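Observations on the three-dimensional arrangement
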Amino acid sequence: MNGVAQVAPPQEVDVAKIEQELELLWREVESADHPVTRATAFNLVLVCQRGAEAETRELVPELALVHPTRTMLVSLDESIPAAQRAWVTAHCRKLEGEQRQICSEAIILEMDGDSALRAASLIHSLSLGSLATAVVWHPSLPLAHPLLANLSRSADRVITCATDHLAPASTLKPWFELYESVPQECVVTDLLWAELSGWRGAIAELFDKCTTVTRLSEVRIHSTGDKLTCGALLCGAWIASSMEWQTTSVALHGRRPVIEFAGEHRLVFSPDGGSAPAGMEFLFSDGTTAAVLRDRDHFTLTCGPHTHAAHVRDVDMLSLLAHELHAWGRDPRLDKSVRLAHDWLPELLFS
Amino acid sequence: MSDSTANPFRSGMLMEHPADPCVLIIFGGTGDLAQRKLFPSLAHLVREGRLSEQTQFLCVSRKPLDEHGFRAEVIANARQLAPDSIPDETFAQKFSARIFTVTDAGEGGRFDRLKTRLTELASSGGPRNHLIYLSIPPTGYAPTIAALGAVGLSASDAGAWSRIIIEKPFGRDYASAEALNSAAAAVFKEEQIYRIDHYLGKETVQNILVLRLANTLFEPIWNHHYVDHVAITAAEALGVEERAQYYEESGALRDMIQNHLMQILAMIAMERPASLAAEAIRDEKRKVLESVRPFTEQDVPNIAVRAQYAAGAVAGKAVPGYLEEQGVKPNSRTETYAALKLHIDNWRWSGVPFYLRTGKRMPKRVTEVAIVFRKVPHMVFAQSPVDRLEQNVLAIRIQPNEGISLKFEAKLPGHALHVRPVEMDFRYGSSFGGRLSDAYERLLLDAMIGDQTLFARRDSVEEGWRIVQPVLNAWAHDANDALPQYVAGSWGPSEADVLLAARNHRWRKL
């Protein structure tokens, strides 16, 4: 696979004439030596605070390699007087063994002051109506933002980057609220869920081999840091919902959150102050144990006397986003996990 | 493979099922296929983290092989043939460290040294699962399988599995295919045998099921009420290259039609499976192949065409005729082109001909399935300048430029009513970015996971041979008839056009 190249530096254009300017741009691109296919699989809207624009802009050509889209990169600065500016550009990659180039277009929008509130109408008018729309909401902006609420009413997919797995569990609260508030047709995920796919895969792999899952009685989740983390909470909720355990109590035992379930099952979170490796222990009713430990580039899976390693996949923002943009359907595993973690969170925060 | 339904954490995660750790035992590891396809595919799988960290590759050679030198050769070839499979030196070292060799010619009908080497690898923490890959000349299949059985390497037990991948050709006629299958069945159970047909690993072939079963648009018209005929083409621009010895014994019918094109036909024509389980799909494929109308040797002149390429030019370059190719017998009657007209005698396809053609030294490399729909029942444009309407065609391009196009009629802009065929075109390369996995990557991974969906089952292989056997017999018996020729760089002999002309059908221009 060849890399992706920007056909020309972004050209500033009149906001009212973006479509016309894009047509002109395509005519210029197509008149070049190589035949061009203008490819758009869906509308991709990346929204960030102005200060994060450079970082977000770097994602655009990399994502274009995997997902040919009409990309709209929208940066907001609500602290300065109202203004709107727009640029257009295109990114092309050559098909292997062919002269043909596959190109996708990008529109860069700066929405300042209260024009940020009107950004949704501009994005809607620029979205190709026959195609689905994915919104990626950068962590530089709060989740409780009217633009996100507005975009999620018409988007098919919203991907937030609200938190990371090491952040305190309390940071999940606004995300749970967003998750509950968006229309049913819109699929919302956070990159945290994608980031946890490595852990979920490792646990699933452990229990492919370790056939004692029906005797699982207690799970201990050790996380670095001194607080219950987002990653630990959501992973714990996923384990409990996968096992179909019914919550009976949520409490703090010292510093340790402990969730009790019907049938004498327990989930114990152990924030270990950063000294212990992140990992999970699985205790079975017959006294045997299993474990998943995370090392730098692999998981170590232990079931009784047997140990083996599992690969750790990339968790940088680009890889996670590219992966998430492949999945447009609602993930019932996430639904169940969010519901459970959402139920536990008030008790844990209150405690 | 573990039963995923017993593992609640697997729920909704089937596509992410990891490959079990195993030793991939490659017979023929120094050969062209292993160097050109298998090792680069394995490198890609390792790069993408799709293989277990413990998985190792053990190359079995008849002659002594220096392990260090062999690793270097694998890396050098992969760098040359699939440069992105080996991104840097660190990866090259990591990948080559998984490669091991053992010399064992199977003397006395036993692979004792191989068995010992596997025991050594296992005792130093290597996997106990064994995936055996036969990438050797077909004459070696039966003795190799027997020798594996003699040392117990076919045995799966509770803690470990043993599977075998067999490369095509699976026999050279019905009798030899049956004999090979019986030899394999004497040592391995059917669920351990993975007959690889790399066409089935291609993204577009897999997409046939999705196209049919995930869209409401196509399945209702996927039958004789709407489909006029189906044409499956596998054209190659290359000649026999370095494979003259193999090709002389094989020919186009055995090399392409009996296996690749017959499997594609089955995917196109089969009934909807009850589920996506491997056996459900393979059952439907068997049923549809069983429904292919039998014919006799006497029918062959009316349903089959063969030819050899004569000197000509491909892509502007002069090329010799088949008989002038190095390694080809001067009086060879091996066909480099074959076309078949088949009928499927079932409710869905009654009266719909399926045309299959393949050839070497054709104008370009292209494999496609064309579903050609019936003409409109009434020509409402009779009093207008529109004198004829083309038939709608759904074309599934398997290689290159994998994709699907739909041809339909559209009005030309302007006051007069002029109609022209246009195409809606979907291409994997432009709709989806990223790298398309090589078919071998998918198939190797499936074999390690234990998913047989994309591998040919014994019954469908034997059905494929049953279908073509009368053609093989007829062609073997008409040794004195002149073999039709086609100019290299053309789309085949005129006889192949005649095959379709009876129903006013034509091969598509590709």
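Moving on to the overall build of chain B. Looking only at helices and strands, chain B features 14 helices and 17 strands. For chain B, whose C-alpha radius of gyration is 24 Å, the value lies close to the compact-globule estimate of 24 Å for 510 residues. Summarising its shape, the C-alpha atoms of chain B cover approximately 85 × 60 × 45 Å along the three principal directions. Looking at chain B as a whole, 55% of its 510 residues qualify as buried. Long-range pairs, those at least 24 residues apart, make up 76% of the contacts in chain B with a sequence separation of at least 6. When the accessible surface of chain B is split by element, carbon and sulfur atoms take 54% of a total near 21,900 Å². Taken as two groups, the 59 positive and 61 negative side-chain charges of chain B have centres that lie 3 Å from each other.

Another aspect to go through is the sheet that holds strand 5 (residues 162-167) of chain B. Whether parallel or antiparallel, the strands of a sheet pair through hydrogen bonds between backbone atoms. All names here are of chain B. Reading across the sheet, the six strands line up as 3-2-1-4-5-6 and stay open at both edges, with parallel pairing between neighbours. Of all strands in the sheet, those with a lone pairing partner are strand 3 (99-103) and strand 6 (193-196), marking the two edges. Each adjacent strand pair in this sheet contributes to an overall mean axis angle of 20°, direction not counted. Bridge count for strand 5 against strand 6 is four bridges, and the pairing is parallel. Within strand 6, the residue paired with I166 across the bridge is R195. Sheet strands in contact with helix 12 (residues 439-449) are strand 1 (23-27), strand 4 (130-134), strand 5 and strand 6, and its direction is about 155° off that of strand 5.

By a frequent convention, interface size equals the accessible area lost on bringing the separate parts together. Residues and elements named next belong to chain B. Along its sequence, chain B is organised into domain 1 (4-167) and domain 2 (201-501). Summarising the inter-unit geometry, the C-alpha centres of domain 1 and domain 2 are found 33 Å apart. On the domain 1 side of the interface with domain 2, the three residues burying the most area are S41, L45 and R163, jointly 25% of the side's total. Counting the contacts that link domain 1 with domain 2 gives one salt bridge. Between K37 and D438 there is a salt bridge, and its shortest N-O distance comes to 3.0 Å. Counting across the domain 1 and domain 2 interface gives four residue pairs in polar contact (both at pLDDT 80 or more). Contributing elements (two or more residues each) for the side of domain 1 that touches domain 2: helix 1 (32-47), strand 4 and strand 5.

All names here are of chain A. Within strand 8 (residues 133-137), five of the five residues are buried, which leaves the element mostly enclosed by the surrounding structure. Side chains T133, V135 and W137 of strand 8 all project onto a buried face; the interleaved residues A134 and V136 project onto the opposite face, where all are buried too. In this sheet, strand 8 lies alongside strand 4 (residues 42-49) in parallel orientation, the contact comprising five bridges. Within strand 8, the residue paired with L44 across the bridge is A134. One ladder, built from four bridges, connects strand 8 with strand 9 (residues 157-160); its direction is parallel. Residue pairing in the sheet places A134 in a bridge with R157 of strand 9. Crossover handedness for the path strand 8 to helix 4 (residues 146-154) to strand 9: right-handed.

A few words now on the environment of M424 of chain B. Locating M424 of chain B in the fold gives a position in strand 16 (residues 419-427). Setting aside residues up to four positions removed in sequence, M424 of chain B forms contacts with I404, S405, L406 and F408 of chain B.

Cysteine pairs can be covalently joined through their sulfur atoms, and such a bond is termed a disulfide. All names here are of chain A. Counted by the stated rule, this structure contains two disulfides over all chains. The residue that forms a disulfide with C92 is C103, at a sulfur-sulfur distance of 2.0 Å. The sign of the S-S torsion, about 110°, decides the handedness of the disulfide formed by C92 and C103: right-handed. On the criterion of sequence distance, the pair formed by C92 in strand 6 (residues 83-94) and C103 in strand 7 (residues 101-112) is long-range, its members being eleven residues apart. Judged by relative accessible area, which is 3%, C92 ranks as buried. Judged by relative accessible area, which is 0%, C103 ranks as buried. There is a disulfide in this structure between C210 and C303, and the S-S distance comes to 2.0 Å. An S-S torsion of about 75° defines the bridge between C210 and C303 as right-handed. Placement of the pair is C210 in the loop between helix 7 (197-209) and strand 11 (216-223) and C303 in strand 17 (residues 298-303), with a sequence separation of 93 residues. Here C210 and C303 have matching classes, each one buried.

With the rule as written, the count across this model stands at two cavities of 30 Å³ or more. In this structure, the largest cavity spans a volume of roughly 60 Å³. In this structure, the largest cavity is lined by F170, D197, Q258, N259, M262, Q263, L289, A456, S460, V461 and G464 of chain B. Secondary-structure elements contributing two or more residues to the lining of the largest cavity are helix 8 (244-269) and helix 13 (458-477) of chain B. In terms of residue count, the dominant contributor to the lining of the largest cavity is helix 8 of chain B (four residues). Residue composition of the lining of the largest cavity, by class: five nonpolar, five polar and one charged. By volume, the second largest cavity amounts to about 30 Å³. Elements with a contribution of two residues or more to the lining of the second largest cavity: strand 6 and strand 7 of chain A. Taken together, the residues that form the lining of the second largest cavity break down as six nonpolar, two polar and one charged.

Moving on, we come to the sheet that holds strand 7 (residues 227-235) of chain B. All names here are of chain B. One open sheet accounts for nine strands, arranged 16-15-14-13-7-12-11-8-17; its pairing is mixed. Looking at strand neighbours, the two that pair on one side only are strand 16 and strand 17 (485-487), the edges of this open sheet. For this sheet, the mean angle separating the axes of adjacent strands, direction not counted, is 20°. Docked against the sheet, helix 8 engages strand 7, strand 11 (337-343), strand 12 (353-359), strand 13 (366-373) and strand 14 (393-399), running at close to 145° with respect to strand 12.

What counts as what
Residues numbered from 1 in each chain as written. Chains lettered and ligands numbered in written order. Predicted model: local features only at pLDDT ≥ 70, side-chain atom pairs only at ≥ 80, totals over all residues. Heavy atoms only, no water. Helix = DSSP H or I, 4+ residues; strand = E, 2+ residues; numbered from the N terminus. Rg over C-alpha atoms; globule rule 2.2 N^0.38 Å. Buried < 20%, exposed > 50% of the residue type's maximum accessible area, 1.4 Å probe, protein only. Contact = heavy atoms within 4.5 Å. Areas by Shrake-Rupley, 256 points an atom, 1.4 Å probe, with all protein chains shown as cover. Lys, Arg positive; Asp, Glu negative; His and termini not counted. Charge placed at Lys NZ, Arg CZ, Asp CG, Glu CD. Pairing = 2+ DSSP bridges. Axes fitted to C-alpha atoms, helices over the stretch in contact; angles between N-to-C directions. Domains from an automatic or database assignment. Buried area = accessible area lost by both parts, 1.4 Å probe. Salt bridge = Lys/Arg side-chain N within 4 Å of Asp/Glu carboxyl O. Polar contact = N/O pair within 3.5 Å; in protein donor to acceptor, adjacent residues only side chain to side chain. Right-handed = clockwise from strand over helix to strand, strands pointing away. Disulfide = S-S within 2.5 Å. 1 Å grid on protein atoms, 1.4 Å probe; cavity = no way out; pocket = protein on both sides within 12 Å on 5 of 7 lines; lining within 4 Å. Points joined across faces, edges and corners; volume = space filled by probe spheres on them. Nonpolar A, V, L, I, M, F, W, Y, C, P; charged D, E, K, R; others polar.

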